[in-house]
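Here are the chains, one letter per residue:
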Amino acid sequence: MLLVGAAILMGALHWEAHWELWAVRLGLTAVFVLFFLRLSLPERSHVMEYSVLTYCLFQALILRYRNRSSLLHVYLITAVLATGMGLLDEGIQNLLPNRVGSWEDVIFDIGAVLFCLFSLSLLGYFKRKFKS
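Here is what the cut-offs are and how they apply
Residues numbered from 1 in each chain as written. Predicted model: local features only at pLDDT ≥ 70, side-chain atom pairs only at ≥ 80, totals over all residues. Heavy atoms only, no water. Helix = DSSP H or I, 4+ residues; strand = E, 2+ residues; numbered from the N terminus. Buried < 20%, exposed > 50% of the residue type's maximum accessible area, 1.4 Å probe, protein only. Contact = heavy atoms within 4.5 Å. Areas by Shrake-Rupley, 256 points an atom, 1.4 Å probe, with all protein chains shown as cover. Core = buried A, V, L, I, M, F, W, Y, C linked by side-chain atoms within 4.5 Å. Axes fitted to C-alpha atoms, helices over the stretch in contact; angles between N-to-C directions. Parallel < 35°, antiparallel > 145°, perpendicular 65-115°, else oblique. Left-handed = near helix turned anticlockwise from the far one by under 90°.

J.: Which residues make up the overall build of the chain, and what values do they have?
T.: Tallying secondary structure elements over the chain gives 5 helices and 0 strands in all. Counting from the amino terminus, helix and strand elements in the chain follow one another as α-α-α-α-α. Taking all 132 residues of the chain together, the buried fraction comes to 31%. Partitioning the contacts of the chain with sequence separation of at least 6, the portion at a separation of at least 24 is 64%. Total accessible area on the chain is roughly 8900 Å²; 72% of this is exposed by carbon and sulfur atoms.

J.: Outline the nonpolar core, supporting the account with residue identities and numerical values.
T.: Formed by 17 residues in total, the largest nonpolar core has its most connected members in Val47, Phe58, Val74, Tyr75, Val113, Leu117 and Leu120. Counting only elements with at least two residues in this core, the list comes to helix H3 (41–64), helix H4 (71–95) and helix H5 (103–131). Setting aside chain neighbours within four positions, we find tyrosine 75 in contact with Phe58, Leu117, Leu120 and Ser121.

J.: Run through the side chain of aspartate 105, naming residues and quoting values.
T.: Tracing the backbone through its elements, the reader meets aspartate 105 in helix H5. Residues in contact with aspartate 105, not counting those within four places in the same chain, are His46 and Glu90.

J.: Hey, could you go over the side chain of serine 51 for me, with residue numbers and the actual values?
T.: With respect to the helices and strands, the residue serine 51 is situated in helix H3. When neighbours within four sequence positions are excluded, serine 51 is seen to be in contact with Phe32, Ala112 and Cys116.

J.: Which residues make up the packing of H4 against H5, and what are the values?
T.: Remark: H4 packs on H5, axes separated minimally by 9 Å, with the N-to-C direction vectors making an angle of 160 degrees. One way to sum up the angle between H4 and H5 is to call them roughly antiparallel. Handedness of the crossing formed by H4 with H5: right-handed. Contacts between H4 and H5 involve Leu71, Tyr75, Thr78, Ala79, Ala82, Thr83, Gly86, Leu87 and Glu90 from the first element and Trp103, Asp105, Val106, Asp109, Ile110, Val113, Leu117, Leu120, Ser121 and Arg128 from the second.

This is how it looks when you write it as structure tokens:
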């Protein structure tokens, strides 16, 4: 969990420091923490894992499709890949004798993916707004 926190912090510190951006980051962090603390331990792990997965996929696709695709295209590919991985994960768990896959977990996975993409788009919007 320490490595996950360090990765998120490094991603957040990557952008230039405007006080307005830090206010947006702090607000998003507060919303995430309040939501995160209300969940039980298994749901917390799903939210954390799929948020980090979505962030990593998004950053990889940004590098791959730089100047070749619109940003909306990258968001859609990220959402499809991360959601597909959640469905695959739960499908594999259904095949294992000592594990049980559930649709509730898929919903938490999709929620984490959407929250992460929303946060990335909001931070990107404010970065462009305050940069000019």
